[in-house]
Amino acid sequence: MAEILVLVDHADGEVKKVTFELLTLARSLGEASAVWIGPGYEAAADKIAQYGPAKVYVADDAELTGYVVAPKVETLQQLAANGAAAILVPATAEGKEIAGRLAVRLDSGVLTDVVGVNGDLVAEHSIFGGGVIAHAKVTKGTPIIAVRPNAIALEAAPGSPAVEQVSVALSDAAKAAKITDRVVQEKGERPDLTEASIVVSGGRGVGGAENFKVIEGLADSLGAAVGASRAATDAGWYPHQFQVGQTGKTVSPQLYIAAGISGAIQHRAGMQTSKTIIAINKDPEAPIFELVDYGVVGDLFQVVPQLTEEITKRK
Ligand SMILES: Cc1cc2nc3c(=O)[nH]c(=O)nc-3n(C[C@H](O)[C@H](O)[C@H](O)COP(=O)(O)OP(=O)(O)OC[C@H]3O[C@@H](n4cnc5c(N)ncnc54)[C@H](O)[C@@H]3O)c2cc1C
């Protein structure tokens, strides 16, 4: 069966959910092989085995994580030489950079923002800010496919993968940018924005930093992540790392709730592949209502607290 390489996305000992989505997808395309780069595989081995890779390549030399993305590119390049049918990476900022660099090295094609792939390796991907769904296939070399987090429904398939140690001799070019320091970002209780299955976002309609607690209250009642429009982040009401949209994060949760957000094309670009979209806006003509599954015309300061209360009561 054709081998499909999957780059494991992990940080601080935690394997990102998108890895399991990629393994689920890879199993539908051929024989999944996970590629672990950096120290710490042992602690993650059981979790990875739950998603059915036939093999795990472990390149655990600490040097591989001492530089920015180039060592990951060289590791995948080395493994691709065994004749992989495709290489799957997450469509995150780092994953897309790896995909682009790897495509140059392998002289092959790359597809980004993919939301599905069929057995013939035809990818469905979201382009022009999510406004168009296109089908595309790489016609030259090993296809490199960057898949959006949350696009693939998880399916566990517990197994016992074969583990193969890999050693990679890094080129001098791969050592051109060294990581000199790492600061672990303090994590709150809420799920990661790009991985959350529910996201509640606030926009200019929220009216100020202090009022964002209304959005956070609803998010916490649902176990959701909090997002914000650029109007809200530019105003300093919410940190930029939570901005959703063309110049912010791309999210694709099961449920996206937009409160006080008009639905500008640049905001839609980051959330319109969400499975179910709800908007709360006091303007019935707001463009966001064109793409929602459910729309509430009303003042968010009345609607959101009532919603939070109802949800909390039912828990
Ligand atoms: C190159 C470029 C990149 C950009 N990238 C992004 C991006 O990544 N993400 C992004 O979000 N934007 C981005 N923008 C900005 C985008 O064009 C919009 O300006 C922005 O999305 C508007 O944010 P908003 O919907 O919160 O504000 P507005 O458009 O001002 O809408 C506020 C909405 O709140 C409603 N409202 C007001 N008060 C209440 C209330 N009490 N209750 C209920 N509803 C209320 C109003 O009716 C209105 O619809 C980008 C723009 C450019 C040019």
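Residues numbered from 1 in each chain as written. Predicted model: local features only at pLDDT ≥ 70, side-chain atom pairs only at ≥ 80, totals over all residues. Heavy atoms only, no water.

**Side note on helix α4 (residues 93–106)**
For clarity, the threshold we go by: Secondary structure elements are defined from DSSP: runs of H or I of at least 4 residues count as helices, runs of E of at least 2 residues count as strands, and each element is numbered from the N terminus. For a helix, the expected span equals 1.5 Å multiplied by the number of residues minus one. The buried label goes to any residue with under 20% of its type's maximum accessible area, the exposed label to any with over 50%, and the partly exposed label to all in between, with areas taken from a 1.4 Å probe on protein chains only. Here the arc refers to the set of directions running from the helix axis out to each C-beta atom. Only heavy atoms matter for contacts: two residues are in contact if any of them lie within 4.5 Å across the pair.
Under the 1.5 Å per step criterion, the end-to-end length of α4 is 20 Å for 14 residues, consistent within 8% with the ideal 20 Å. When we look at burial in α4, the residues that qualify are G95, I98, A99, L102 and A103. An end-on view of α4 places all buried positions within 130 degrees of arc, on one side of the element. Among the exposed residues of α4, those oriented more than 90 degrees off its buried face are A93 and V104. Contacts from the buried residues of α4 go to β1 (3–7), α3 (70–80), β6 (86–90), β7 (110–117) and β10 (144–147). Phi for D107, located one or two positions after α4, is positive at around 55 degrees.

**Regarding the nonpolar core**
Nonpolar side chains tend to gather and get buried jointly when the protein is soluble and globular. Cut-off, in case you're wondering: By nonpolar core is meant a set of buried Ala, Val, Leu, Ile, Met, Phe, Trp, Tyr and Cys residues that side-chain atoms within 4.5 Å join together.
Core analysis: the biggest nonpolar cluster contains 35 residues, and L23, W36, I48, L88 and V117 have the highest contact counts within it. Secondary structure elements with two or more residues in this core: β1, α1 (17–29), β4 (31–37), α2 (41–49), β5 (55–59), β6, β7 and β10. Element by element, the count of residues in this core is highest for α1, at 7 residues. Filtering out sequence-adjacent residues up to four positions away, L23 remains in contact with V6, A32, A34, I48, Y51 and P53. Ranked by size, the runner-up nonpolar core spans 28 residues in total, among them I87, A91, I98 and I144.

**Observations regarding the layout of surface pockets**
As a reminder of what qualifies: In the cavity and pocket records, a cavity denotes points on a 1 Å grid over the protein atoms alone where a 1.4 Å probe fits but cannot get out, a pocket denotes an open set with protein on both sides within 12 Å along at least 5 of 7 lines, and lining residues are residues with an atom within 4 Å of a point. Grid points are joined across faces, edges and corners, and a volume is the space filled by probe spheres set on the points. In this count, Pro and Cys sit with the nonpolar residues alongside Ala, Val, Leu, Ile, Met, Phe, Trp and Tyr, while Asp, Glu, Lys and Arg are called charged and the others, Gly among them, polar.
As a volume, the second largest pocket reaches approximately 500 Å³. Lining the second largest pocket are 28 residues; nearest its centre among them are R204, S229, G260, I261 and S262. Those elements that place two or more of their residues in the lining of the second largest pocket are α6 (230–234), α7 (265–268), β15 (276–281) and α8 (300–313). Along the lines of polarity and charge, the residues of the lining of the second largest pocket split into 9 nonpolar, 14 polar and 5 charged.

**Re the pattern of salt bridges**
This is how the line gets drawn: The salt bridge definition used is simple: a Lys or Arg side-chain nitrogen within 4 Å of an Asp or Glu carboxyl oxygen.
If you walk through the whole model with that rule in mind, you get 16 salt bridges. Of the charged contacts in the structure, one is a salt bridge between K72 and E94, with a shortest N-O distance of 3.0 Å. Of this pair, K72 sits in helix α3 while E94 sits in helix α4; the two residues are 22 residues apart in sequence, bridging distant segments of the chain. Salt-bridge contacts for E310 lead to R314; the nearest nitrogen and oxygen are separated by 3.8 Å. Through salt bridges with shared partners, one network takes in K96, D113 and R148.

**Notes on the sheet that holds strand β16 (residues 294–297)**
This is how it is decided: Note on pairing: two strands pair once DSSP finds at least 2 bridges between them. For helices, the fitted line uses only the C-alpha atoms of the stretch in contact; every axis is such a line through C-alpha atoms, and the angle between N-to-C directions lies from 0 to 180 degrees.
The strand order across the open sheet built from 5 strands is β13-β12-β14-β15-β16, with neighbouring strands paired in parallel fashion. Pairing within the sheet leaves two strands with one partner each, and these edge strands are β13 (225–228) and β16. On average, each strand axis in the sheet is inclined to that of its neighbour by 15 degrees, with strand direction left out of account. Strand contacts of helix α5 (residues 212–222): β12 (198–202), β13 and β14 (255–259), with the helix running at about 170 degrees to β12, the strand carrying the most contacts. Of the strands in this sheet, β14, β15 and β16 touch α8, which is tilted by about 135 degrees from β15.

**Section: the pairing of β7**
Along β7, 6 of the 8 residues are buried, which leaves the element largely enclosed by surrounding structure. Taken together, the 3 bridges between β7 and β10 define a ladder with parallel strand orientation. Residue pairing in the sheet places L111 in a bridge with I145 of β10. Note: β7 against strand β8 (residues 123–127), 3 bridges, orientation antiparallel.

**Notes on the site of the ligand**
Going by this rule: When at least one non-hydrogen atom of a residue lies within 4 Å of a molecule or strand, that residue is treated as near it. Each polar contact in these results corresponds to two N or O atoms within 3.5 Å; when the atoms are within protein, one needs to be able to donate a hydrogen and the other to accept it, and residues that are neighboring in sequence are counted only if both atoms are side-chain atoms. Throughout, a molecule is located in a cavity or pocket provided that more than half of its atoms lie within 2 Å of its grid points.
Near the ligand there are 25 residues, and of these R204, S229, T247, S262 and N281 occur at the shortest range. For the ligand, a nitrogen atom lies 2.8 Å from a polar atom in the backbone of V244. In the environment of the ligand, an oxygen atom lies 2.9 Å from a nitrogen or oxygen atom belonging to the side chain of H267. Applying the majority rule of atoms within 2 Å of the grid points places the ligand in the second largest pocket. Secondary-structure elements contributing two or more residues to the shell around the ligand are α6, α7 and α8. Taken together, the residues of the shell around the ligand sort by class into 6 nonpolar, 14 polar and 5 charged.

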